[in-house]
Amino acid sequence: MKKTTVIGVLVAVAVAAFGAFKYAESKKQARESQVERGRYLVTIGGCNDCHTPGYGLSGGKVDEALWLTGDSLGWQGPWGTTYAINLRNYVQALTEEQWVQIVAKMQSRPPMPYFNLQRMKEEDLRAMYQYIRAAGPAGAETPPYLPPGVEATTPVVVFPAPPPA
């Protein structure tokens, strides 16, 4: 092989490798940007208010390592008693597509504002997923739903019955 051909091949390989590196770096930056956007949406969307223990009482000063790990504080009303699930563990078993589909169809018990999630743009739901998924699994599972009339053994916030229609 001629010397100029070898140099040309080496240059082509170097250019291709550099292009692949820049492409990978660009994808990494885009993913990090999505994770940061998801963090922002989780914060302003109020997800931590229920899904992070002690968040509201501390004025939001909870170590981010505990964010979205669920809470044993129950929300009680005519529907029974609900608990904010551990989203960090829940999302680990889902693909991004599954997350988007579940949110689009969910009909949760109060006080979960599922109707607000359903109004979000798909790219925002995907960013939230990316943030929660990147945070990784943590914490324990929360208590299960209790039907009306079953007494909770954890602290609860009691909602009044809705006014008659």
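Look above for the structure.
Residues numbered from 1 in each chain as written. Predicted model: local features only at pLDDT ≥ 70, side-chain atom pairs only at ≥ 80, totals over all residues. Heavy atoms only, no water.

I tried to follow helix α4 (residues 96–105) on my own but got confused; where do I start?
Turning to α4, its buried residues number three or more, namely W99, V100 and V103. Looking down the long axis of α4, one finds its buried residues gathered within 95 degrees of arc, a one-sided arrangement. Of the residues in α4, the exposed ones pointing more than 90 degrees away from the buried face are A104 and K105. Residues of α4 that are buried in the fold lie against α3 (87–92), α5 (114–117) and α6 (122–135). (Buried < 20%, exposed > 50% of the residue type's maximum accessible area, 1.4 Å probe, protein only. Helix = DSSP H or I, 4+ residues; strand = E, 2+ residues; numbered from the N terminus. Arc of directions from axis to C-beta. Contact = heavy atoms within 4.5 Å.)

Is there a simple way to think about the packing of α4 against α6 in this case?
Running from amino to carboxyl end, α4 crosses α6 at an angle of 125 degrees, the nearest separation of the two axes being 10 Å. Classified by the angle their axes make, α4 and α6 are oblique. Considering how the two elements wind past one another, α4 and α6 form a crossing that is right-handed. Facing α4, whose interface residues are E96, E97, W99, V100 and V103, α6 presents E122, L125, R126, Y129, Q130 and I132. Residues that form the contact of α4 with α6 fall into these classes: six nonpolar, one polar and four charged. (Axes fitted to C-alpha atoms, helices over the stretch in contact; angles between N-to-C directions. Parallel < 35°, antiparallel > 145°, perpendicular 65-115°, else oblique. Left-handed = near helix turned anticlockwise from the far one by under 90°. Nonpolar A, V, L, I, M, F, W, Y, C, P; charged D, E, K, R; others polar.)

For this particular structure, what's the right way to read α6?
Residues spaced three or four apart along an α-helix face the same direction, because each turn holds 3.6 residues. For α6, which comprises 14 residues, the first-to-last C-alpha distance of 20 Å matches the rise-based estimate of 20 Å (1.5 Å per residue) to within 8%. Within α6 the residues assigned to the buried category are D124, L125, R126, A127, M128, Y129, Q130, Y131 and I132. (Expected span 1.5 Å × (residues − 1).)

Just checking my understanding: could you explain the pairing of strand β2 (residues 80–83) for this structure?
Two faces, one strand: in a regular strand the side chains alternate between the faces of the sheet. Sheet topology places strand β1 (residues 74–77) next to β2; four bridges connect them, and they run antiparallel. If you follow W75 over to β2, its bridge partner there is T82. Between the antiparallel neighbours β1 and β2 lie two residues. (Pairing = 2+ DSSP bridges.)

Sorry, what's going on with the pattern of salt bridges here?
Side chains that differ in sign of charge can pair as their charged atoms come close. Taken as a whole and assessed by the stated rule, the structure comprises five salt bridges. Measuring nitrogen to oxygen at the nearest pair gives 2.8 Å for the salt bridge that ties D124 to R37. A residue pair is termed long-range when its members are at least 10 positions apart, and D124 in helix α6 and R37 in helix α1 (residues 3–44) qualify at 87 residues. Judged by its relative accessible area of 11%, D124 falls in the buried class. You can call R37 partly exposed: its relative accessible area is 35%. With its nearest N and O atoms 2.7 Å apart, the salt bridge here joins R126 to E122. Of this pair, R126 and E122 are both found in helix α6, four residues apart, which corresponds to roughly one turn of the helix. In this structure, a network of salt bridges that share partners links the residues E96, E97, E122 and R126. (Salt bridge = Lys/Arg side-chain N within 4 Å of Asp/Glu carboxyl O.)

What should I look at first to understand unusual backbone geometry in this one?
With the exception of glycine, the majority of residues adopt a negative phi angle, and the majority of peptide bonds are in the trans configuration. Residue P110 is joined to P111 through a cis peptide bond whose omega torsion reads 0 degrees. Along the chain, P111 turns up in the loop between α4 and α5. In the Ramachandran plot, L68 falls in the positive-phi region, its phi being about 60 degrees despite a non-glycine side chain. As for its position among the elements, L68 is in the loop between α2 (47–51) and β1. Judged by its relative accessible area of 0%, L68 is buried.

Sorry if this is basic, but what is going on with the nonpolar core here?
Burial of nonpolar side chains together is a common tendency in soluble globular proteins. With 23 residues, the main nonpolar core has L68, W99, L125, M128, Y131 and I132 as its most contacted residues. At the level of secondary structure, the elements contributing two or more residues to this core comprise α1, α3, α4, α5 and α6. Tallying contributions element by element places α6 first for this core, with six residues. (Core = buried A, V, L, I, M, F, W, Y, C linked by side-chain atoms within 4.5 Å.)

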